[in-house]
Amino acid sequence: MTATQKPLDSPERPSPRSRSHRRRILAAGTALVVAASTAVFALTLDGSPDRGPRGNEAVTVTEDPAAAPVDESLLALARRDPSDTLAVGREDAPVVMIEYSDFQCPYCGRFARETKPELLRSYVDKGVLRIEWRNFPLFGEESERAALAAWAAGQQKNFWPFHDVVYAEPRKRNSGQFTTDKLVAMAREAGVPDLDRFRADMDSDKAREAIGKDRSEGYALGVSSTPAFLVNGRPLLGAQPTDTFVAAIEAAAKATAK
């Protein structure tokens, strides 16, 4: 962290905007923890020594996610905000998938490269699915800096092109891939038009507050590894094949059509 950069909000002390929002998050967190604890997990580590304090971002749930019960408190976490530049898809799409991810997570990158393009073509473009991104930096300063940069790109409506540039190839964690200069270069490649504004937004209190809000929401839910998803309130954790996401989205769309 640079000398002028303030720390992000502590995940242990989330600051919800209202008591009702706090109660909703706590209730949702209980539901997610219960859902996770009742599933059968297979932990697949990436084998690198810099996994970080949790290091189990490839948690695979073997329980059928389409069969898991829907919890209303989890469903209510979908923001459906038309001004949310870190979301793609119609605000009134029948299915919302919330994604908690870290730009240094190799399994998040795999999802971005191998699964997301198919979901965009088959569901987002057809108005069935909305994807809402939540920055969930787990692996230290470079993860946080990348999250701030992604938020800054979003202020110029270039979050998703920036997201695609960052995830375009596997990157070794905490190896200097996300210095400020390299992130500015990625923003340039992604087509962010005003790089001076990008730098200012990246270093702003507003950016830190936004990242802190997303991360606190994730921790309150019990998320401790990436990637983690909610598909219309149904938890879907870890590295999953595309077919698993397709099944969860199809089931959610069918349920909302009833």
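The structure under discussion appears in the preceding block.
Residues numbered from 1 in each chain as written. Predicted model: local features only at pLDDT ≥ 70, side-chain atom pairs only at ≥ 80, totals over all residues. Heavy atoms only, no water.

Q: Give me the pairing of strand S7 (residues 234-237): which residues, what numbers.
A: Along S7, one buried face is formed by Arg234 and Leu236 and the opposite face, lined by Pro235 and Leu237, is buried too. Inspection of the sheet shows strand S6 (residues 228-231) paired to S7 by four bridges, in the antiparallel sense. The partner of Val231 across the bridge, within S7, is Arg234. The antiparallel pairing of S6 with S7 creates a hairpin that spans two residues between the two strands, and Asn232 there sits at a positive phi of about 50 degrees. (Buried < 20%, exposed > 50% of the residue type's maximum accessible area, 1.4 Å probe, protein only. Helix = DSSP H or I, 4+ residues; strand = E, 2+ residues; numbered from the N terminus. Pairing = 2+ DSSP bridges.)

Q: Can you tell me about the packing of helix H5 (residues 159-166) against helix H6 (residues 180-190), naming the residues and giving the values?
A: Two elements in contact, H5 and H6, have axes separated by 8 Å at closest approach and are oriented at 120 degrees. Our classification of the angle between H5 and H6 gives oblique. Crossing hand, H5 versus H6: right-handed. Taking contact as the criterion, the partners of Pro161, Phe162, Val165 and Val166 in H5 are, on H6, Leu183, Met186, Ala187, Glu189 and Ala190. (Axes fitted to C-alpha atoms, helices over the stretch in contact; angles between N-to-C directions. Parallel < 35°, antiparallel > 145°, perpendicular 65-115°, else oblique. Left-handed = near helix turned anticlockwise from the far one by under 90°. Contact = heavy atoms within 4.5 Å.)

Q: Describe the packing of helix H4 (residues 141-154) against helix H8 (residues 205-221), naming the residues involved and giving the relevant values.
A: Where H4 meets H8, the closest approach of the two axes is 9 Å, and the angle between their N-to-C directions is 110 degrees. Taken together, the axes of H4 and H8 are roughly perpendicular relative to one another. Viewed along their axes, H4 and H8 form a crossing whose handedness is right-handed. The segment H4 lies against H8, with Glu144, Ala147, Leu148 and Trp151 engaging Lys206, Ala207, Arg208, Ala210, Ile211 and Arg215. Grouping the constituent residues of the contact of H4 with H8 by class yields six nonpolar, no polar and four charged. (Nonpolar A, V, L, I, M, F, W, Y, C, P; charged D, E, K, R; others polar.)

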